[in-house]
Amino acid sequence: MEAQGPGGDEGFTPDARGRLMQEVAAQMDAIEADHGENFQIGRVITVVEVLKPATEELDLRVRAQMLPWVAIGMLEFAKKSLGG
């Protein structure tokens, strides 16, 4: 099982920390492009697919430092914004 890069590119295998940092930096760039420099970051939810190629294990790591019902509401909003 190979990791996928941005857009689902098969065979994309940079180091795990670097991959996650690239994703965060891309999000920050997009936020700045959309909102300029006069904004604050509110709540953050991370959802990371973790692959272990040697054993073909798959894990989904979700972290939300907020009350569960707030996180669920944010995830529902995200689902709707993705067309779901």
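Definitions and cut-offs
Residues numbered from 1 in each chain as written. Predicted model: local features only at pLDDT ≥ 70, side-chain atom pairs only at ≥ 80, totals over all residues. Heavy atoms only, no water. Helix = DSSP H or I, 4+ residues; strand = E, 2+ residues; numbered from the N terminus. Buried < 20%, exposed > 50% of the residue type's maximum accessible area, 1.4 Å probe, protein only. Contact = heavy atoms within 4.5 Å. Areas by Shrake-Rupley, 256 points an atom, 1.4 Å probe, with all protein chains shown as cover. Expected span 1.5 Å × (residues − 1). Pairing = 2+ DSSP bridges. Salt bridge = Lys/Arg side-chain N within 4 Å of Asp/Glu carboxyl O. Patch = residues over 30% accessible without salt bridge, like charges linked within 9 Å, V, L, I, M, F, W, Y side chains within 5 Å.

Chemist: Even after reading the chapter, I still don't get the overall build of the protein chain, so can you show me in this structure?
Modeler: Each helix and strand in the protein chain was counted, giving two helices and two strands. The N-to-C order of helical and strand elements in the protein chain reads α-β-β-α. Classification of the 84 residues of the protein chain by burial places 5% in the buried group. Taking as baseline every contact in the protein chain between residues at least 6 positions apart, the subset at least 24 positions apart corresponds to 18%. Put simply, the protein chain shows about 7200 Å² of open surface, and 56% of that area lies on carbon and sulfur atoms.

Chemist: I tried to follow helix H1 (residues 16-35) on my own but got confused; where do I start?
Modeler: Given 3.6 residues per turn, any residue in an α-helix points the same way as the ones three and four places further on. For H1, built from 20 residues, the straight-helix expectation of 28 Å at 1.5 Å per residue is met to within 8% by its first-to-last C-alpha distance of 29 Å. Backbone geometry just after H1 places Gly 36 at a positive phi near 70 degrees.

Chemist: Would you mind showing me how to read the pairing of strand E2 (residues 57-64) here?
Modeler: Taken residue by residue, a regular strand's side chains alternate between the two faces of the sheet. For strand E1 (residues 45-52) and E2, the ladder comprises eight bridges, and the chain directions are antiparallel. Opposite Glu 49, over in E2, you have Leu 60 as the bridge partner. Count of turn residues in the E1/E2 antiparallel hairpin: four residues, of which Glu 56 carries a positive phi of about 60 degrees.

Chemist: What should I look at first to understand the pattern of salt bridges in this one?
Modeler: As a working rule, side chains carrying opposite charge can pair if their charged atoms are close by. Per the stated rule, a full pass over the model turns up one salt bridge. One salt bridge connects Glu 23 with Arg 19, and the closest N-O pair in it is separated by 2.4 Å. Pair noted here: Glu 23 and Arg 19 are both in helix H1, with a separation of four residues, about one helical turn. What makes Glu 23 partly exposed here is its relative accessible area of 33%.

Chemist: Even after reading the chapter, I still don't get helix H2 (residues 68-81), so can you show me in this structure?
Modeler: Taking 1.5 Å as the rise per residue, H2 with 14 residues should run 20 Å; its terminal C-alpha atoms sit 20 Å apart, in good agreement. Phi turns positive one or two residues past the end of H2, at Gly 83, with a value near 90 degrees.

Chemist: Honestly, unusual backbone geometry in this entry has me stumped. Any pointers?
Modeler: With the exception of glycine, the majority of residues adopt a negative phi angle, and the majority of peptide bonds are in the trans configuration. Positive phi, normally seen in glycine, also occurs at Glu 56, with a value near 60 degrees. Tracing the sequence through the fold places Glu 56 in the loop between E1 and E2. Glu 56 sits in the exposed class, given a relative accessible area of 56%.

Chemist: What exactly am I supposed to notice about a nonpolar patch on the surface here?
Modeler: On the surface, Val 47, Leu 60, Val 62 and Leu 75 cluster together into a nonpolar patch covering about 340 Å² of accessible area. Along the chain, Val 62 turns up in strand E2.

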